[in-house]
Amino acid sequence: MGRRRCRVDRADAGGALPEAIAALSRTLPAGPSPEIFRRAKFDLPEAAPALWRLLFCLLSQLRTDGASVSLVPEAQARWVKSALRSQGYPRRGLAQLPEDGSRGSRELLLALSWLLARGPLLELLLAQTHVWLGDEMLVCECKALASPSLPAARVEADGCVDVRYLQWLMGKLRFRWRKLMASQQEQCSLLGKIHSYTRGCHSDHRLGHLSVTETELLRDPEAGRQLLRRLQSENARLEAALEWRCRELVFWQWMDTVLGACPPESSWPTFLPRIPERGADELELVAGELQALQEELQAAAEARRAAWVSRVGGLGPEWSAAQQAAQEAVGQELAALRQACERGGGRAQPHGPHRLVPSSRARSGGASGAAEQALQRHACGLSAAAAGPRPTSRGGRARPSRGSGGPPWCCRPRTGATCA
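Here's a quick rundown of the structure. (Residues numbered from 1 in each chain as written. Predicted model: local features only at pLDDT ≥ 70, side-chain atom pairs only at ≥ 80, totals over all residues. Heavy atoms only, no water.)

Each helix and strand counted, the chain has 13 helices and three strands in total. For the chain, the residues scored as buried account for 29% of the 420 residues in total. Relative to all contacts within the chain whose residues are 6 or more apart in sequence, the contacts with residues 24 or more apart total 76%. As presented, the chain carries roughly 28,500 Å² of accessible surface, and 56% of it is formed by carbon and sulfur atoms. (Helix = DSSP H or I, 4+ residues; strand = E, 2+ residues; numbered from the N terminus. Buried < 20%, exposed > 50% of the residue type's maximum accessible area, 1.4 Å probe, protein only. Contact = heavy atoms within 4.5 Å. Areas by Shrake-Rupley, 256 points an atom, 1.4 Å probe, with all protein chains shown as cover.)

Structure follows, in structure tokens:
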């Protein structure tokens, strides 16, 4: 499967292979038994339905536009084929399988191993099923790329524009931003009440208070039992993932034998264009026509650009200054992005959940100021988006939203356990 292999004793491999497959099955959601994998190696038809369901469950959890679980098996098979084709699955045998699940278990096993080999599949699944106990909030830590101080260049639009419709859209957008900001302020206010009422109850002195989930456990014992079962299930999956990492080499060696048992796929038929005897002269004529068309297109583009410049030039020096400032700002931002990419090297993760704690507690506990500044930028961005001329109703000015009061908040440094 394109991986480096090291020699393993056959006796040890024979005993470790069922344990490796069992660990993989416990890590995957609705994972089949090791017997299904064994039957799929020999392309037995009874193993195909379980593998179709497994691939559908995996791909629907990984994709944001995941399909509904209520689909019939034939529709699930079609969706799996489309999802694997969109991700670049190289084998054509999967597209030729029947959708009723009557055969093709070996090809489905190869598709599952391709998903495991191409990326951190298990890590993504474990992150999606992680049980969060704290009060987390998704915060954008990216620096704002758009410069709010740059004036927008105004160019007359072609055709008639309904100003009332634009005003309605702007009012609707401002209303949505104010509603979002009010809901987040109300959430922080309620969290502040819970944290203040439970201050001194947490065993972690850096926090000093209980979260919403932990407070709910005191009110409802049944919720505590459900949370305990979820934590036990997550710990079992983490233990299975660790065992899989220790034994996955045996699985990949076994998959080499599965791939070797597959018949070689025939290559796609190649269709070469037939070049006539006088092809050289005709190609020269075509090249000349293309060159003439390219020159004509370039002349038309330059003429339209000159007309556009002469049209917007009447806006005065303010537009020229705004255009120059915008070009300089874009150049600076591109240079900053290139430097950040050169320094970072890996994949950046600027967004993520942060646990909310009172700002005084975070400062006394030595929390870093980057997360606090990120949350402040997030709040300032919401406030700036909600700002603007508020429309007044017949009854008078709009009242301020409730829940705006509350203690200041910042985020703890993000911490999390990773599976080796």
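This paragraph deals with the packing of helix α6 (residues 121–128) against helix α9 (residues 221–261). Their axes nearest at 11 Å, the elements α6 and α9 cross at an angle of 170°. The pairing of α6 with α9 is recorded here as roughly antiparallel in orientation. Facing α6, whose interface residues are Leu 122, Glu 123 and Leu 126, α9 presents Arg 237, Leu 238, Ala 241, Trp 244 and Arg 245. Across the contact of α6 with α9, the residue classes break down as five nonpolar, no polar and three charged. (Axes fitted to C-alpha atoms, helices over the stretch in contact; angles between N-to-C directions. Parallel < 35°, antiparallel > 145°, perpendicular 65-115°, else oblique. Nonpolar A, V, L, I, M, F, W, Y, C, P; charged D, E, K, R; others polar.)

Ranked by size, the top nonpolar core spans 46 residues in total, and within it Leu 84, Phe 251 and Trp 254 carry the most contacts. Among the elements of the structure, α1 (10–27), α2 (34–41), α3 (48–62), α4 (73–86), α5 (105–118), α6 and α9 are those that each provide at least two residues to this core. In terms of residue count, α3 provides more of this core than any other element does, nine residues in total. Dropping the residues within four chain positions of it, Trp 254 is found in contact with Leu 17, Ile 21, Phe 37, Lys 41 and Leu 109. (Core = buried A, V, L, I, M, F, W, Y, C linked by side-chain atoms within 4.5 Å.)

Let us now look at the side chain of Arg 237. Positionally, Arg 237 belongs in helix α9. For the buried Arg 237, no salt bridge is present, and the opposite-charge side chain at shortest range is Glu 234, 5.5 Å distant. In this structure, Arg 237 is in contact with Arg 26, Thr 27, Leu 126 and Thr 129, ignoring residues within four places of it in sequence. (Lys, Arg positive; Asp, Glu negative; His and termini not counted. Salt bridge = Lys/Arg side-chain N within 4 Å of Asp/Glu carboxyl O.)

One pass over the structure, following the stated rule, counts six aromatic pairs. When the ring of Phe 56 is compared with that of Trp 79, the centres are 5.4 Å apart and the planes differ by 75°; the resulting orientation is edge-to-face. Linking Phe 56 in helix α3 with Trp 79 in helix α4, this pair joins segments that are 23 residues apart in sequence. Here Phe 56 and Trp 79 have matching classes, each one buried. Geometrically, the ring pair formed by Trp 244 and Phe 251 is edge-to-face, given 5.2 Å between the ring centres and 70° between the ring planes. The two residues Trp 244 and Phe 251 agree in class, both being buried. Taken together through their ring pairs, the aromatic side chains of Trp 244, Phe 251, Trp 252 and Trp 254 make up a single cluster. (Phe/Tyr/Trp six-rings, centres within 6.5 Å; stacked < 30°, edge-to-face > 60°.)

Quick look at a nonpolar patch on the surface now. Together, Tyr 165, Leu 166, Trp 168 and Leu 169 line one region of the surface with nonpolar side chains, adding up to about 410 Å² of accessible area. Along the chain, Leu 166 falls in helix α7 (residues 163–197). Given the relative accessible area of 41%, Leu 166 is considered partly exposed. (Patch = residues over 30% accessible without salt bridge, like charges linked within 9 Å, V, L, I, M, F, W, Y side chains within 5 Å.)

On to the pattern of salt bridges, then. A full pass over the atoms with the stated rule returns 12 salt bridges. The partner of Arg 247 in a salt bridge is Glu 243, and the shortest N-O contact between them spans 3.6 Å. Taken together, the residues Arg 247 and Glu 243, both in helix α9 and four residues apart, mark about one turn of the helix. Notably, a salt bridge pairs Arg 245 with Glu 248, separated by 3.1 Å at the nearest N-O pair. On the criterion of helical spacing, the pair formed by Arg 245 and Glu 248 is a turn pair, its members being three residues apart in helix α9. Judged by its relative accessible area of 29%, Arg 245 falls in the partly exposed class. Using a relative accessible area of 15% as the deciding quantity, one classes Glu 248 as buried.

Looking now at unusual backbone geometry. Of note in this structure, Asp 43 is not a glycine but carries a positive phi near 60°. If you trace the backbone, Asp 43 turns up in the loop between α2 and α3.

The subject of this paragraph is α4. Across its 14 residues, α4 extends 20 Å between first and last C-alpha, which sits within 8% of the 20 Å expected from 1.5 Å per residue. Looking only at α4, the buried set comprises Ala 75, Gln 76, Ala 77, Trp 79, Val 80, Lys 81, Ala 83 and Leu 84. Those residues of α4 hidden inside the fold are in contact with α3 and α5. One or two residues past the end of α4 sits Gly 88, with phi positive at roughly 90°. (Expected span 1.5 Å × (residues − 1).)

Relative to the assigned elements, Glu 214 resides in helix α8 (residues 212–219). Here the side chain of Glu 214 touches Ser 211 through a polar contact of 2.9 Å, landing on its backbone nitrogen. (Polar contact = N/O pair within 3.5 Å; in protein donor to acceptor, adjacent residues only side chain to side chain.)

This part takes up the packing of α3 against α6. A pair of packed helices is characterised by two quantities: the angle between their axes and the separation of those axes. The interhelical angle for the contact between α3 and α6, taken along N-to-C directions, is 70°, at an axis separation of 10 Å. Comparing the axis directions of α3 and α6 gives the class roughly perpendicular. Between α3 and α6 lies a crossing whose hand is left-handed. Touching Leu 58, Gln 61 and Leu 62 of α3 are Leu 121, Leu 124, Leu 125 and Gln 128, all from α6. Along the lines of polarity and charge, the residues of the contact of α3 with α6 split into five nonpolar, two polar and no charged. (Left-handed = near helix turned anticlockwise from the far one by under 90°.)

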